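# Architecture at a glance
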4 protein chains.
Amino acid sequence: MQVEPRVTVWNEFHHERYRPESAAVYPHGIHVAIRDGLVAHGFADVRTATLDEPEHGLTQAVLDATDVLVWWGHVRHDDVADSVVERVKRRVWAGMGLVVLHSGHYSKIFRALTGTPSDVTIWNEDGERERIVVVSPGHPIAAGLGRFFEIEMEESYAEPMEVPNPTDLIFVSWFQGGEVFRSGCTYTRGRGRIFYFRPGHETFPTYFIPEVRRVIANGVRWAAPEASRV
Amino acid sequence: MQVEPRVTVWNEFHHERYRPESAAVYPHGIHVAIRDGLVAHGFADVRTATLDEPEHGLTQAVLDATDVLVWWGHVRHDDVADSVVERVKRRVWAGMGLVVLHSGHYSKIFRALTGTPSDVTIWNEDGERERIVVVSPGHPIAAGLGRFFEIEMEESYAEPMEVPNPTDLIFVSWFQGGEVFRSGCTYTRGRGRIFYFRPGHETFPTYFIPEVRRVIANGVRWAAPEASRV
Amino acid sequence: MQVEPRVTVWNEFHHERYRPESAAVYPHGIHVAIRDGLVAHGFADVRTATLDEPEHGLTQAVLDATDVLVWWGHVRHDDVADSVVERVKRRVWAGMGLVVLHSGHYSKIFRALTGTPSDVTIWNEDGERERIVVVSPGHPIAAGLGRFFEIEMEESYAEPMEVPNPTDLIFVSWFQGGEVFRSGCTYTRGRGRIFYFRPGHETFPTYFIPEVRRVIANGVRWAAPEASRV
Amino acid sequence: MQVEPRVTVWNEFHHERYRPESAAVYPHGIHVAIRDGLVAHGFADVRTATLDEPEHGLTQAVLDATDVLVWWGHVRHDDVADSVVERVKRRVWAGMGLVVLHSGHYSKIFRALTGTPSDVTIWNEDGERERIVVVSPGHPIAAGLGRFFEIEMEESYAEPMEVPNPTDLIFVSWFQGGEVFRSGCTYTRGRGRIFYFRPGHETFPTYFIPEVRRVIANGVRWAAPEASRV
């Protein structure tokens, strides 16, 4: 029988403690907002982990009890210990799902799994309107969405994002200021499924938006190992 | 030794004869504008063919002497004889390159080769600004381009376009009105290479724009069979 | 809630009626053997359809009530009406799964969906040992299998098979006589998932082999539309 | 104008110095045999580099003057300095081609670029017959080959090889002993093209075989950056 996937939401948890604009939006941290969204979508087993915990909260025991890991990082990628990155990588190879959010594209773990720079060299934090357009409507990660949804204010990213061609491209973002971005990309590495999803600047309430929460929930479900995919 | 690819530019050649706005922009037909662009890019052997010629100008002899076929069609897809579609398809399978432009996504030949509806259900002919963003800067079809280029007025298309995942996604378009589109897509079928390139509404002077001409030239070069890829 | 997928097993049902060696192995037809395998794997709603029924048993009503269609054909591909092929194709585009078996690679429906010749030009019906090796052990279609399984006597196919690159290559066959073959290939067309699985010559009891039955059951589950994937 | 690609053939050069069976076959080292094969195929600028040279012979200056790097390693992967691996990786991202041979699948550089274990857990050094079957006959790496070619005695590898799905699968090997292997795989990382080619055990004269030399020459040509692809 299939069982509910066990999810760990990881956050560097830096801006929300040191930057008032971020604390105002995410007083308990981005990880808590994401966790709450998953719980609201019916996930029963969702824990959190943050950078400053011992071993970043990602001990071998925690990873062994995690079916899908959600990753948010931005300014402290370099503070993540290589030994923990290696541990996460091996769990992904063994089948753990990984959902990488926003600036996590440049995290050590995402770069180690893609084998590319995974860089985005142009961005704009002014808060433009972002329209996230579904290009693969039949993909389970797009389930329950319309043709597109909008985020009133977000940081924009510009192409090229230096990643390998995704297996499936689920979303492309349109930004008011003239940019586009491949905002939903899937990969497989070893037995593990990886989903990159773009939105989520730390000063905008993105992770409270219903469609964003739905996409993350869909992504966690899709990335879960077969035995726990529900 | 490599030899110069022999190119045939096919056009249904309807609007330019019957619609004044089109005739004003393309008095000799879209095919002639495309041919002139290829000649300007150094292709020495470029002929044209149109729908109302016998066998649509695509006899077996013409196809056998064609290394890359460029295709423009819009309102008369259904008037293309199935026997000619079959003939073109078999030449692609045998190695002829195919560059499909604009509304050619819905041509019989492109649909037969993709195996999908290849449909675009939302479009807007008002003439929006289109920004064509390079997402695969290392691909030969993007050679010589900057990070993006713009077309002042174009018809817009909206996703989803119902095609298989392209092997490489070269361009994504941003439209002023809020849409995005996968504007440069590559496929392989049998030994033949296929490149779909979006721009080219019949009432806008798109095929005179230097960057558009460059992309079509790059696409023809890329799609040519190995022996004639120069 | 997810519901059980409704499966239709289609067979041209020719050899088993006219060729004694086939009738000896499959007295009720290949379709019945496949159906029995699916029922043994817990599928509750499995019907059959054959070429000589009106509309080949594939009326619009039947297709509308089918979540996954399994296809076996060999010598009578040309007798399948184009109108039925078109109907099946549109159902796949709309989300129906399709599992194509053995010489079904050359069926009208598979060729229409791949856009390629889908041909295999060398084969040997002498009955060699086939070893089916799992190259994507993490894929749900390989669930429950070991590193490989063997079929004591099968027809062999030789590469190249003229198909587009599969999204995932699940199995590669090794044949005693020196050939290899991409025996498990997945594709997506529109919203429909397609799985090609090689084994199944009409004079060998392939569809009674437990591992073969398991693969077909896995394939049907994988190809089912999201709402009925169990 | 296109110019001739500058090639560097790298070898750990260990077996040939310390193992008589290897020295007997490759008295000057595997790298020299590979270089000679490339020179025979018309490459004019081919140098070699080996592990025990300072910086393994791969200084920044050497890499900057290299368009395609060929890599052979086996028992001393761990002796390659991480700083050199990082340097090679960045050159690949910037456009340098990489041809990885045989047990190089487990080299630090290939693993860093694939993002996977890239492991092969079963092999046999007894010297079986290997038949290398072309599955993508239209690919430039298969140019000039027949449907397959054979190597009388080679080490065999067994699937699964833990790599990402290749962009193109060019060759599949059949081994006398019952195994198959994806022997020719292509990838792109950043602007760099990567080709993995399986054969080449250190005690068999594989790199003197005409077809093997042709494949390596084709692979180098294919992997060269656009400006030097000839």
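Refer to the structure above for everything that follows.
Everything numeric here is computed off the predicted structure, so don't read it as measured data. Sequence order sets the numbering: in each chain, residues are counted from 1 along the sequence as written. To label them, take the chains in the order written and letter them from A, then take the ligands in the order written and number them from 1. Local features in this predicted model are restricted to residues of pLDDT 70 or higher, and side-chain atom pairs are both shown and tallied only at a pLDDT of 80 or more, whereas totals for entire chains, interfaces and linings draw on every residue.

## Overview of the overall build of chain A
To keep it simple, the criterion reads: The way it works is that DSSP assigns letters per residue, a run of H or I at least four long becomes a helix, a run of E at least two long becomes a strand, and they are numbered from the N terminus. C-alpha atoms define the radius of gyration, and 2.2 Å times the number of residues to the power 0.38 defines the globule rule. Counts of 20 or more other C-beta atoms within 10 Å of a residue's own C-beta define buried residues, counts of 12 or fewer define exposed ones, and intermediate counts define partly exposed ones; C-beta atoms are placed from the backbone. Distance between backbone-placed C-beta atoms decides contact: two residues are in contact if it is within 7 Å.
Counting its secondary structure elements, chain A contains seven helices and nine strands. Relative to the 2.2 N^0.38 estimate, which gives 17 Å for 230 residues, the radius of gyration of chain A is 16 Å and therefore close to what a compact globule would have. Along the first, second and third principal axes, the C-alpha set of chain A runs to 45 × 40 × 35 Å. Here chain A holds 230 residues, and 57% of them are scored as buried. In chain A, the share of contacts with a sequence separation of at least 24, taken over all contacts with a separation of at least 6, comes to 72%.

## Thoughts on the sheet that holds strand β6 (residues 148-157) of chain C
All names here are of chain C. We count it as follows: The pairing criterion is simple: DSSP has to find at least two bridges between the two strands. Interaxial angle, 0 to 180 degrees, is taken between N-to-C directions of lines fitted to C-alpha atoms, where a helix line uses only the stretch in contact.
Taken in spatial order, the nine strands make up an open sheet running β2-β1-β3-β4-β9-β8-β7-β5-β6, and their pairing is mixed. A single partner strand is all that each edge strand has here, and the edge strands are β2 (46-50) and β6. With strand direction ignored, the average angle separating the axes of adjacent strands in the sheet is 20°. Across five bridges, the pairing between strand β5 (residues 123-134) and strand β7 (residues 169-175) is antiparallel. Within the sheet, the bridge partner assigned to valine 133 lies in β7 and is valine 172. Docked against the sheet, helix α7 (residues 210-223) engages β1 (7-11), β3 (68-72), β4 (97-101), β6 and β9 (192-197), running at close to 165° with respect to β9.

## Thoughts on the interface of chain C and chain A
Selection rule: Only Asp, Glu, Lys and Arg are considered charged in this grouping, and only Ala, Val, Leu, Ile, Met, Phe, Trp, Tyr, Cys and Pro are considered nonpolar; every other residue, Gly among them, is considered polar.
Residue-level contacts link six residues of chain C with six residues of chain A. In the side of chain C that touches chain A, the residues fall into two nonpolar, two polar and two charged.

## Things to note about the interface of chain B and chain A
Across the boundary between the two partners, chain B contributes 16 residues, which contact 16 residues of chain A. Among the secondary structure elements, those contributing two or more residues to the side of chain B that touches chain A are β5 (123-134), β7 (169-175) and β8 (180-189) of chain B. Looking at the side of chain B that touches chain A residue by residue, the classes come out as nine nonpolar, two polar and five charged.

## Observations concerning unusual backbone geometry
For residues besides glycine, phi is generally negative; the peptide bonds are generally trans as well. Pro160(A) follows Glu159(A) through a cis peptide bond whose omega is 0°. Tracing the backbone shows Pro160(A) in the loop between β6 (148-157) and β7 (169-175). For His56(C), which is not glycine, the phi torsion reads 55° and is therefore positive. With respect to the helices, strands and loops of the structure, His56(C) is situated in the loop between β2 and α4 (60-64).

## A few points about the relation of the copies chain B and chain A
Each copy of the chain is related to the other by a rotation around an axis and a translation along that axis. As a reminder, the rule being used: Least squares is used to superpose the copies, and the fit set is the C-alpha atoms of residues whose pLDDT is at least 70 in both copies.
Once turned by 180° and shifted 0.0 Å along the axis, chain B lies on chain A with an RMSD of 0.0 Å. The transformation just described matches what one would write down for a two-fold rotation axis. No C-alpha of chain B lies nearer the rotation axis than that of Trp174(B), which sits 3.3 Å from it. The residues that chain B uses at the interface reappear at the interface of chain A in 100% of cases, marking a shared surface.

## Description of helix α5 (residues 82-94) of chain C
All names here are of chain C. Spelled out, the test is: Here, expected helix span is obtained from the residue count minus one, scaled by 1.5 Å.
When the terminal C-alpha atoms of α5 are compared, their 18 Å separation across 13 residues agrees well with the 18 Å that a helix rising 1.5 Å per residue should span. Looking at the packing, one finds that the buried side of α5 touches α4, β3, β4, α6 (108-114), β8 (180-189) and β9. Of the residues trailing α5, glycine 95 is marked for its positive phi of about 130°.

## Some remarks on helix α5 (residues 82-94) of chain D
Residues Val84(D), Val85(D), Arg87(D), Val88(D), Lys89(D), Arg91(D) and Val92(D) constitute the buried set of α5(D). In this fold, the buried residues of α5(D) make contact with α4 (60-64), β3 (68-72), β4 (97-101), α6 (108-114), β8 (180-189) and β9 (192-197) of chain D.

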